[in-house]
Amino acid sequence: MLEGTRPIVWSIAGSDAGGGAGIQADLLTFADLGCHGCTAITANTAQNTVEVAAINAVPVDVLTSQLEALQRDLFPSAIKIGLLANTEQVTAVVRFLRVLLQVKQIPIVYDPVAVASSGAALTESNIGEAVIRELFPLCTLITPNLHELEWLARASVSDAGEIISAAQQLRESGSGAVLVTGGHGELVAGEIADLLWDGQSADWFIGKKVATGNDHGTGCSLSSAIAACLALGYPLRDACVVAKAYVQRGLRLGQSDRIGSGSGPVGHCGWPTELHDYPEVLVPGEKRGEIYGCFGGVDASVYTQGFPEPDSRSLGLYPVVDSVEWLEKLAELGVRTLQLRIKHPRTELRAQIAQAVTIGRKYGLRLFINDYWQLAIDCGAYGVHLGQEDLQTADLAAIKRAGLKLGISTHGFYELLRAYRYRASYLAIGAIFATDTKDMSDQLQGTKKLARMVALLPGYPLVAIGGISLERAPAVAETGVGGIAVVSAITRADDYVRAVGEYQRLFKG
């Protein structure tokens, strides 16, 4: 993709004469999220807000000619597939995609449209076998609703356990991952929960139900929003939570429109910028998880009462160092937020942490101990910093009882939302840029994503980390983030005193 161009996303789907779903919804979604949409029409449907009068499938050669023309000039960064009207179309699309994917591997999102909201059948009854056998193995993600899940899995689903089992069955059929959308049922009254199963873990994304008569095209908009985010370089889980927020925003803000006498189209209202549109991510061990077929047991207050706030919401310059010597040198320069990260201790670890805590008290530091939460508690540290993987093993309740502040690393929207459920003292967002301390090439955020995450949590202590050189620091500061964590930019600087001064001028904590 050329510098400054929008990523191209294809929609292989049907045309909705009423403008609420299909390619019409897809194109609006692509534009809202900063992508250029192209279409290959599979059927011209005669429908409005109350009925589907006819499904007019296009001939296979007409469909193929559209795809071939697009490939010659408008190669996609992602593809969304919606309505495929018959097995011949499935076979033709699969044949085309197999050749396309030999040129370049790109994400493919399939929304298995089979039945309209009105109950009308949109495809041939025998299409399911061809879809599972031929199309699923090419897909990064499939996004069935509960009715489509039952159709494809040939099993009824009435609770969370059955939804998980059916999703696992579909994933084993060859698709990369399955996102089951919950808009046609409520496992908990007033909640709409989507399940993502990728073969390794089940994630539930939970949103509040919006009472609206304008919900036509929600499935199309969700799947096309996921495809758009994948085209923009978002990892799968980030793409799913952003897309769910996009649809939630459309349901909420599109309520006042009155289009037609039946179910009107969901709103297309731009990038989701408000936290209440984003789903809650069910966290491991949460007692609430029992309802959603996951092991529970932890009282919800662990997640809602939160950890102690730092004495400043702007943590400012936040060097991460590997020795108590560096701690003291930087404390003497007036740095007030520091992290001790000892990955390979060469001497007695407890003694180093105890010495660091003593230095922290001497200079009044906001000193966070990385990883070693038990020693941090024993030594009376100011706080502890944990990575995502540490959340599975650390005793968060013990950290909270000890009165320690807690920082959590995050890498994108999904992890930010999950970490936010713990109400940590601060959240670190990275990697903003590539760094030579750790390979984070698949999790780079950049300043545009950072600004969007900062906007979601105004006033919440956030720290940017990863490859933030002095040259890049002003662009990071413009996002509004209140803290900047640096590692080698200070400890390997030719003049660390000057480097500290330059960073402190941009970030004051």
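These numbers were taken from a predicted model, which means no experiment stands behind them.

Definitions and cut-offs
Within every chain, residues take consecutive numbers counted from 1 along the sequence as written. Whole-chain, interface and lining totals are the exception, using all residues; otherwise, since this is a predicted model, local features are given only for residues with pLDDT of at least 70 and side-chain atom pairs are given and counted only at 80 or more. Only hydrogens and water are set aside when side-chain values are computed; all heavy atoms of the structure are taken into account. Secondary structure counts use DSSP, requiring at least four H or I residues in a row for a helix and at least two E residues in a row for a strand, with both numbered from the N terminus. Just to be clear, the radius of gyration here is over C-alpha atoms, and the globule rule we use is 2.2 Å times residues to the power 0.38. Note on classification: 1.4 Å probe, protein chains only; a residue is buried when its accessible area is under 20% of the maximum for its type, exposed when over 50%, partly exposed between these limits. Using a 1.4 Å probe, accessible areas were evaluated by the Shrake-Rupley method; residue-level cover was limited to the displayed protein chains. The charge count treats Lys and Arg as positive and Asp and Glu as negative. His and the chain ends do not count. Charged side chains are reduced to one point each, which is NZ for Lys, CZ for Arg, CG for Asp and CD for Glu. Viewed with both strands pointing away, a crossover whose connecting path from the first strand over the helix to the second turns clockwise is right-handed. Here a strand pair is declared whenever DSSP counts at least two bridges between the two strands. In this description, a nonpolar core means a group of buried Ala, Val, Leu, Ile, Met, Phe, Trp, Tyr and Cys residues linked to one another through side-chain atoms lying within 4.5 Å. Contacts between residues were defined by any pair of non-hydrogen atoms, one from each residue, lying within 4.5 Å. In the analysis that follows, any N or O atom pair within 3.5 Å is treated as a polar contact, provided that within protein one partner can donate a hydrogen and the other can accept it, and provided that, for residues neighboring in sequence, both atoms belong to side chains. Note on geometry: axes are C-alpha line fits, over the in-contact stretch for helices, and angles between N-to-C directions span 0 to 180 degrees. Should an angle lie under 35 degrees it is considered roughly parallel, over 145 roughly antiparallel, and from 65 to 115 roughly perpendicular; all remaining angles are considered oblique. As a working rule, the residues Ala, Val, Leu, Ile, Met, Phe, Trp, Tyr, Cys and Pro are called nonpolar, Asp, Glu, Lys and Arg charged, and the rest polar, with Gly in that last group. Expected span, for any helix, means 1.5 Å times one less than how many residues it has. As used here, the arc is the angular range of directions from the helix axis to the C-beta atoms. Between rings of Phe, Tyr and Trp, where Trp is taken as its six-membered ring, a pair exists when centres lie within 6.5 Å; planes separated by under 30 degrees are stacked, by over 60 edge-to-face, and by other angles tilted. By definition, being over a ring means that NZ of Lys or CZ of Arg is both within 6 Å of the ring centre and within 35 degrees of the ring normal.

### Regarding the overall build of the protein
At step 1: Within the protein, the regular secondary structure consists of 18 helices and 18 strands.
At step 2: Relative to the compact-globule value of 23 Å for 509 residues, the protein shows a C-alpha radius of gyration of 25 Å, a close match.
At step 3: Across its three principal axes, the protein shows a C-alpha extent of roughly 80 × 50 × 45 Å.
At step 4: Out of the 509 residues belonging to the protein, those deemed buried represent 55%.
At step 5: When the accessible surface of the protein is totalled, it reaches about 21,000 Å², and 50% of it is carbon and sulfur.
At step 6: Distance between charge centres in the protein, computed from 43 positive and 53 negative side chains, equals 6 Å.

### Examining the pairing of strand E12 (residues 337-340)
At step 1: Every second residue of E12 is oriented toward a common face, with Thr337 and Gln339 on one face and Leu338 and Leu340 on the other, all of them buried.
At step 2: For the crossover from strand E11 (residues 316-321) across helix H10 (residues 324-332) to E12, the handedness is right-handed.
At step 3: Bridge count for E12 against strand E13 (residues 366-370) is four bridges, and the pairing is parallel. What sits directly across from Leu338, in E13, is Leu367.

### Remarks on the nonpolar core
At step 1: Counting 102 residues, the largest nonpolar core has Leu141, Ile226, Leu386, Leu396, Leu427, Val476 and Ile490 as the members making the most contacts within it.
At step 2: The biggest single contributor to this core is helix H8 (residues 236-253), with 10 residues.
At step 3: Residues in contact with Leu427, not counting those within four places in the same chain, are Ile408, Leu416, Ala419, Tyr420, Leu457, Tyr460, Pro461, Leu462 and Val463.
At step 4: Counting residues in each nonpolar core, the second largest holds 50 residues, with Ile81, Leu97, Ile127 and Phe136 among its members.

### Re the side chain of Gln445
At step 1: With respect to the helices and strands, the residue Gln445 is situated in the loop between strand E16 (426-429) and helix H15 (446-456).
At step 2: Engagement of the side chain of Gln445 in a polar contact is seen with the backbone oxygen of Gly430, the distance being 3.4 Å.
At step 3: Excluding its chain neighbours within four sequence positions, the residues that come into contact with Gln445 are His411, Gly412, Ile429, Gly430, Ala431, Ile432 and Met453.

### A word on the packing of H8 against helix H14 (residues 413-420)
At step 1: Closest axis-to-axis distance for the H8/H14 pair is 7 Å, and the angle between their directions is 70°. Between H8 and H14, the angle falls in the class roughly perpendicular. Counting all contacts with H8, which are made through Arg237, Asp238, Val241 and Val242, the residues of H14 involved are Phe413, Tyr414 and Leu417.
At step 2: When its residues are assigned to classes, the contact of H8 with H14 shows five nonpolar, no polar and two charged.

### Some points on helix H6 (residues 160-172)
It helps to recall that an α-helix has 3.6 residues per turn; residues three or four apart then point in one direction.
At step 1: Between the first and last C-alpha of H6 there are 18 Å, a value that for 13 residues agrees with the 18 Å anticipated at 1.5 Å per step.
At step 2: Residues Ala160, Ile163, Ile164, Ala166, Ala167 and Leu170 constitute the buried set of H6. The buried residues of H6 occupy an angular sector of 165° when the element is viewed end-on, so they sit on one face.
At step 3: Those residues of H6 hidden inside the fold are in contact with strand E6 (141-142), helix H5 (146-153), strand E7 (178-180), strand E8 (191-197) and strand E9 (202-208).
At step 4: Where H6 starts, the residue carrying a side-chain oxygen 3.2 Å from the main-chain nitrogen of Gly161 turns out to be Asp159.
At step 5: One or two positions beyond H6, positive phi appears at Gly174, with a value near 130°.

### Quick notes on the pairing of strand E17 (residues 462-465)
At step 1: In the sheet, E16 pairs with E17 via three bridges, with the strands oriented parallel. Across the sheet, the residue bridging to Leu427 is Leu462, located in E17.

### So, the packing of aromatic side chains
At step 1: Here the structure, examined in full by the defined rule, presents 13 aromatic pairs.
At step 2: Consider the rings of Trp204 and Tyr292, whose centres lie 5.0 Å apart with planes at 45°: the pair is tilted. One end of the pair, Trp204, is in strand E9; the other, Tyr292, is in the loop between strand E10 (280-281) and helix H9 (301-304), and 88 residues separate them in sequence. Of the two residues, Trp204 and Tyr292, neither departs from the other in class, the shared state being buried.
At step 3: Cluster of aromatic residues (ring-pair linked, three or more members): Tyr234, Trp271, Tyr278 and Phe413.
At step 4: Above the face of the Trp326 ring, Lys329 is positioned so that its terminal group lies 3.7 Å from the ring centre.

### Here we look at the environment of Gly18
At step 1: In this fold, Gly18 is placed in the loop between strand E1 (8-16) and helix H1 (22-32).
At step 2: Exposure remark for Gly18: the relative accessible area of 43% places this residue in the partly exposed category.
At step 3: The spacing of Gly18 and Pro265 is 247 residues in sequence and 8.9 Å in space, taken between C-alpha atoms.

### Quick word on H5
At step 1: Within H5 the residues assigned to the buried category are Leu146, Glu148, Leu149, Leu152 and Ala153. End-on view of H5: buried residues confined to an arc of 160°, all on one side of the axis.
At step 2: Elements in contact with the buried residues of H5: helix H4 (127-135), H6 and E7.
At step 3: At the N-terminal boundary of H5, the capping side chain belongs to Asn145, with an oxygen 3.0 Å from the backbone nitrogen of His147.
At step 4: Phi for Arg154, located one or two positions after H5, is positive at around 55°.

### Some remarks on the environment of Ala419
At step 1: Along the chain, Ala419 falls in helix H14.
At step 2: On a C-alpha basis, the gap between Ala419 and Val242 in space is 16 Å, while along the polypeptide they are 177 residues apart.
At step 3: Excluding residues that lie within four positions of it along the chain, Ala419 makes contacts with Gln388, Ile408, Thr410, Ala424 and Leu427.

### Re the sheet that holds strand E14 (residues 383-386)
At step 1: The sheet built from eight strands closes into a barrel, its strands ordered E11-E12-E13-E14-E15-E16-E17-E18 with parallel pairing. Each strand of the sheet is rotated relative to its neighbour by a mean of 25°, with strand direction disregarded.
At step 2: Against the sheet, H10 makes contact with E11, E12 and E13, and its axis sits at roughly 175° relative to E12, the strand it touches most.

### Some words on unusual backbone geometry
At step 1: With omega at -15°, the peptide bond leading from Gly430 into Ala431 counts as cis.
At step 2: Structurally, Ala431 can be placed in the loop between E16 and H15.
At step 3: The phi dihedral of Arg154 is positive, around 55°, even though this residue is not glycine.
At step 4: When you line up the elements, Arg154 lands in the loop between H5 and H6.

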